[in-house]
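Each chain, written out:
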Amino acid sequence: MKTIPCILPTVLGLVSACSEFESTAYLQNPIIDGTQSAFAQVVATISPKMMCSGTVIAPDLVLTAHHCVSSALGPEDCDPDWRPGSGAALLFPVYKASDLAVDRNPSYQRDHLTVIALHTLEDFANRPICGNDLSVLQLAKPLDIKPVPIRTSPPLVGETLTVIGYGLTDPDTISSSGHRMGRAGVKITKVGRTKHEDGRWRTVDGDFVVDIGPCPGDSGGPALDQDGKLIGVMSRGHESTCTEMIYTRVDHHATRLT
């Protein structure tokens with residue numbers, strides 16, 4: 001693993017990785033059958049390699065997926081019995097804060113917001129990505145916007161959610177990117193541990209799975225319950241079909257995020 005530069009203790013029980021924003025965003029697919037969303041608390045997060053999505057959880061804090069702020073992706077296998085010190089972590093090199101930006105209007109590239117710090121879960125270097133795919137971007141200036149509340153109760157199989165994210169509305173047209181899209185009625189199909197057909201672990205206790213809707217470009221975007229509370233952060237899934245997509249449960253990390 002590459003050493004994360006400038007590690008500093010910080011708020012929220014998280015760890016901060018500090019340091020020019022030069023981004024040519026790599027844009028990916030949109031929410032399937034989504035419609036344009038006016039939910040302003042969902043913003044785009046931009047790294048040197050990709051555009052993802054994020055949720056305003058405090059005036060100056062945006063929650064996104066950890067792999068959206070990382071320069072490499074790890075394997076899809078999970079270890080549901082991982083414990084600190086087990087050596088089973090999936091390690092992700094992390095970008096500098098100055099390599100990242102937040103944008104509320106990326107389709108026109110006119111609203112870049114400066115990121116001054118990147119916060120990862122405490123001791124993230126010793127955590128697997130499964131069930132822990134979360135990071136927080138701290139903005140230089142707070143937004144005049146009501147943050148999305150974090151739900152502390154667990155997700156339930158059969159529960160319907162609204163998922164929101166950014167991406168191409170036409171996968172063949174790069175200029176169609178950056179539109180905030182949402183889809184209601186997305187259903188939770190599984191909570192906790194599941195396996196691939198070959199027996200490898202696909203999800204862990206800190207994950208849940210939805211039936212259809214979000215695609216890779218929606219990584220880091222929220223799943224909202226019927227009360228508008230944040231229940232999950234888009235993590236990973238079947239890129240070719242955008243079905244059975246996996247979210248990191250925020251209730252497992254609520255004490256660090258609230």
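Residues numbered from 1 in each chain as written. Predicted model: local features only at pLDDT ≥ 70, side-chain atom pairs only at ≥ 80, totals over all residues. Heavy atoms only, no water.

Peer 1: So what's going on with the nonpolar core? Which residues, and what values?
Peer 2: Note that soluble globular proteins tend to have their nonpolar side chains buried in a common cluster. Counting 24 residues, the largest nonpolar core has I57, L63, L230, V250 and L257 as the members making the most contacts within it. Where this core is concerned, the elements lending two or more residues are β4 (42–46), β5 (51–58), β6 (61–64), β16 (230–236) and α1 (254–257). Ranked by the residues each element gives to this core, the list is headed by β5, at four residues. Among residues more than four places away in sequence, those in contact with I57 are L63, V136, P147, V148, I150, L230 and L257. (Core = buried A, V, L, I, M, F, W, Y, C linked by side-chain atoms within 4.5 Å. Buried < 20%, exposed > 50% of the residue type's maximum accessible area, 1.4 Å probe, protein only. Helix = DSSP H or I, 4+ residues; strand = E, 2+ residues; numbered from the N terminus. Contact = heavy atoms within 4.5 Å.)

Peer 1: Describe the state of the cysteines, listing the residues and the values that go with them.
Peer 2: Tallied over the entire structure, the rule returns two disulfides. Disulfide pairing is shown between C52 and C68; the S-S distance is 2.2 Å. Between C52 and C68, the disulfide has an S-S torsion of -85 degrees and is therefore left-handed. With C52 in strand β5 and C68 in the loop between β6 and β7 (101–103), this residue pair connects regions lying 16 residues apart in the sequence. With respect to class, C52 is no different from C68; both count as buried. A disulfide bridge connects C78 with C130, and the sulfur atoms are separated by 2.0 Å. (Disulfide = S-S within 2.5 Å.)

Peer 1: Which residues make up the confidence of the model for the protein, and what are the values?
Peer 2: Summing up the model confidence of the protein, the mean pLDDT is 77 and the portion of residues at 70 or higher is 68%. This stretch, residues 1–29, has a pLDDT under 50; its non-local contacts, to residues over four places away or in other chains, come to 84 contacts. (pLDDT = per-residue confidence, 0-100.)

Peer 1: Can you explain the packing of aromatic side chains? Please cite residues and give values.
Peer 2: Under the criterion given, the structure shown has one aromatic pair. Against the face of W201 rests R193, its NZ or CZ located 6.0 Å from the ring centre. In this structure, K195 is placed above the aromatic ring of W201, and the distance from its NZ or CZ to the ring centre is 4.7 Å. (Phe/Tyr/Trp six-rings, centres within 6.5 Å; stacked < 30°, edge-to-face > 60°. Lys NZ or Arg CZ within 6 Å of the ring centre and 35° of its normal.)

Peer 1: Please set out the pairing of β16 residue by residue, giving values where relevant.
Peer 2: Where burial is concerned, most of β16 is hidden: seven out of the seven residues are buried. As paired strands, strand β15 (residues 222–224) and β16 are joined by three bridges and run antiparallel to one another. Its bridge partner lying in β16, A223 is registered against G232. With four bridges joining them, β16 and strand β17 (residues 243–249) adopt antiparallel strand pairing. Within β17, the residue paired with M234 across the bridge is Y247. (Pairing = 2+ DSSP bridges.)

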